[in-house]
Amino acid sequence: MEAKLPQNEEQRLAVLRQLNILDTPIEERFERITRMVCRSLKVPIAAISIVDESRQWFKSIQGLNASETPREIAFCAHAILRDELLLVEDATQDERFADNPLVTDEPFIRFYAGYPLNLGQDLHVGTLCAIDRVPRELSTEEQEILYDLSKMVESELAAIALSEAQMHLIQELDELERVAMVDSLTRLWNRLGIETLLKREWEYATRKDSPISIVMIDFDNFKQINDQHGHLVGDDVLKGSARLIISVLRSYDILGRWGGDEFMLILPGSSREQIAMLLERIQAVIAQNPVPTSVGPMAISLSMGGVSVFANQGEALQYWVEQADNQLMKVKRLGKGNFQLAE
C-alpha cells in the first residue's frame with residue numbers, strides 16, 4: 001500500500017532542498033550512527049533515509065548495497081507521516097506491506113522500526129530505521145536507543161559541517177549535477193568531483209596562506225583480488241575500504257575515487273606532521289578491520305604517497321599532484337603497505 005503524502009509536503013520538500021544533502025557522498029558522522037543501530041539493536045540493516053518527491057535516498061546504509069528505492073514502496077514514506085516510532089514486527093502480517101516487493105523479494109524485510117527525522121514544525125525529511133529479515137519485537141529500552149540515535153541524526157542535519165569548498169560546491173549544483181560528481185560504486189566523489197574540489201581547496205589555501213595536503217592512495221595487489229575472486233569481490237573491497245578510511249577523517253577532509261583502485265585524499269589546513277599521524281591511523285584501521293566481501297572478510301593493505309605544501313609556494317597545483325603520485329610510486333617500489341611523504 002502506497003503511503004499518503006504529508007499535509008505539509010510542499011514545505012517539507014522546500015526544507016529538504018535547503019539541506020543540499022541529496023546525492024552527496026557518504027560521511028563518517030552518519031555512517032557511525034547506522035553502525036551503532038546495527039550493534040545496539042542487533043539488526044543486519046540500518047539506514048538514514050531521506051524521502052524526496054519520488055524516492056527514498058540513503059545518506060547512510062549498512063547491510064545493503066542499495067543507494068535508493070522508489071518512494072511508493074518505501075517503509076520510510078509511511079514513517080514520515082507520524083511523530084512517533086513506526087514499528088512493524090512482521091511485515092507479512094501487515095496489510096500495508098505484505099505485498100510490498102521489499103517484503104516478497106530481496107531484501108525480504110520482515111521487521112522494520114523507524115523514527116521520523118524532524119527538522120522542526122513537523123517537517124519530517126526522512127527516518128533513522130532498523131531492519132531485519134526475521135520477525136521480532138523491539139523492547140522499550142531498544143526503542144529509546146533508536147530514538148536517541150535519531151536525535152543525533154537530526155543534530156547532524158541541522159549543523160552540517162563539510163569543508164568550505166565542499167559546501168559551496170554542493171550548494172551550487174543541482175541534484176543531477178551532484179549525481180555526475182559522485183562515484184556510483186563507493187559513493188565518494190568521483191574523478192570529476194575530486195578534481196573540482198582540489199582546485200577550489202587550492203584557491204582557498206592560496207588566499208588564506210594555509211597549508212594543504214594531497215595524498216594518493218593505491219590498493220596493493222588489487223588485480224590479484226579481481227583475478228582470484230572476480231570483480232564483484234573487488235567492488236566489495238573498494239566500498240568497504242572507503243568506509244574504513246572515512247571513519248578516521250575529519251568532517252572537512254575530502255576523499256574521492258581518482259580512478260580504478262586509486263583514491264585521492266585532500267586535507268585542508270594540514271601540516272606534514274598532522275598528515276603523517278592521519279596516514280598512520282588509516283594504516284591501523286585497515287590492518288585491524290578485514291573488509292567484508294561476498295567470499296568472507298578480506299585483509300587488504302594500502303600504499304600511500306603525499307605532499308603537504310603552502311599553495312603560494314610558487315609551483316602549480318598539477319606539480320604537487322605529480323609529487324604525491326611520485327611518493328606513492330616510491331612506496332610501491334619499496335614493498336607496498338606503507339606511506340611516504342615528500343620532504
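Before going into details, it helps to say that this report is about the structure given with it. Keep in mind it's a predicted model, so treat the numbers as computed, not measured. (Residues numbered from 1 in each chain as written. Predicted model: local features only at pLDDT ≥ 70, side-chain atom pairs only at ≥ 80, totals over all residues. Heavy atoms only, no water.)

1. What about helix H2 (residues 28–41)?
Here is step 1 of the chain: Taking 1.5 Å per residue as the helical rise, H2 with its 14 residues ought to reach 20 Å, and the 20 Å between its terminal C-alpha atoms agrees with that figure.
Here is step 2 of the chain: Among all positions in H2, only Glu28, Arg29, Phe30, Glu31, Ile33, Thr34, Val37, Cys38 and Leu41 are buried.
Here is step 3 of the chain: Where the residues of H2 are buried, they touch strand E1 (45–51), strand E2 (55–62), strand E6 (124–132), helix H5 (140–158) and helix H10 (231–246).
Here is step 4 of the chain: In the segment just after H2, lysine 42 is the residue with positive phi, at about 55 degrees. (Helix = DSSP H or I, 4+ residues; strand = E, 2+ residues; numbered from the N terminus. Expected span 1.5 Å × (residues − 1). Buried < 20%, exposed > 50% of the residue type's maximum accessible area, 1.4 Å probe, protein only. Contact = heavy atoms within 4.5 Å.)

2. Some remarks on the side chain of glutamate 27
Here is step 1 of the chain: Relative to the helices and strands, glutamate 27 resides in the loop between helix H1 (9–19) and H2.
Here is step 2 of the chain: Of note is the side chain of glutamate 27, whose polar atom sits 2.9 Å from the side chain of lysine 59. (Polar contact = N/O pair within 3.5 Å; in protein donor to acceptor, adjacent residues only side chain to side chain.)

3. Quick notes on the packing of aromatic side chains
Here is step 1 of the chain: Counted according to the given criterion, the structure contains 6 aromatic pairs.
Here is step 2 of the chain: Seen in terms of ring centroids, phenylalanine 75 and tyrosine 112 are 5.2 Å apart; in terms of plane orientation they differ by 40 degrees. Their pairing is tilted. Pair noted here: phenylalanine 75 is in helix H3 (residues 75–79) and tyrosine 112 is in strand E5 (residues 111–118), with a separation of 37 residues, a long-range link. For the pair shown, phenylalanine 75 and tyrosine 112 are each scored as buried.
Here is step 3 of the chain: These aromatic residues form a ring-pair network of at least three members: Phe75, Phe97 and Tyr112.
Here is step 4 of the chain: Sitting over the ring of tyrosine 204, lysine 208 keeps its end group 5.6 Å from the ring centre. (Phe/Tyr/Trp six-rings, centres within 6.5 Å; stacked < 30°, edge-to-face > 60°. Lys NZ or Arg CZ within 6 Å of the ring centre and 35° of its normal.)

4. Here's the deal with the sheet that holds E1
Here is step 1 of the chain: Sheet architecture is open: 6 strands sit in the order E3-E2-E1-E6-E5-E4, paired in antiparallel fashion. Edge positions in the open sheet fall to strand E3 (68–70) and strand E4 (86–88), since each of these has one partner strand only. Sheet twist, expressed as the average angle between the axes of neighbouring strands with direction ignored, equals 20 degrees.
Here is step 2 of the chain: With 3 bridges connecting them, E4 and E5 associate as antiparallel partners. When the bridges of E5 are listed, valine 88 appears paired with tyrosine 112.
Here is step 3 of the chain: Taken strand by strand, H1 contacts E1 and E6, and its axis lies near 85 degrees from that of E6. (Pairing = 2+ DSSP bridges. Axes fitted to C-alpha atoms, helices over the stretch in contact; angles between N-to-C directions.)

Treat this as a map of the structure, not an account of what it does.
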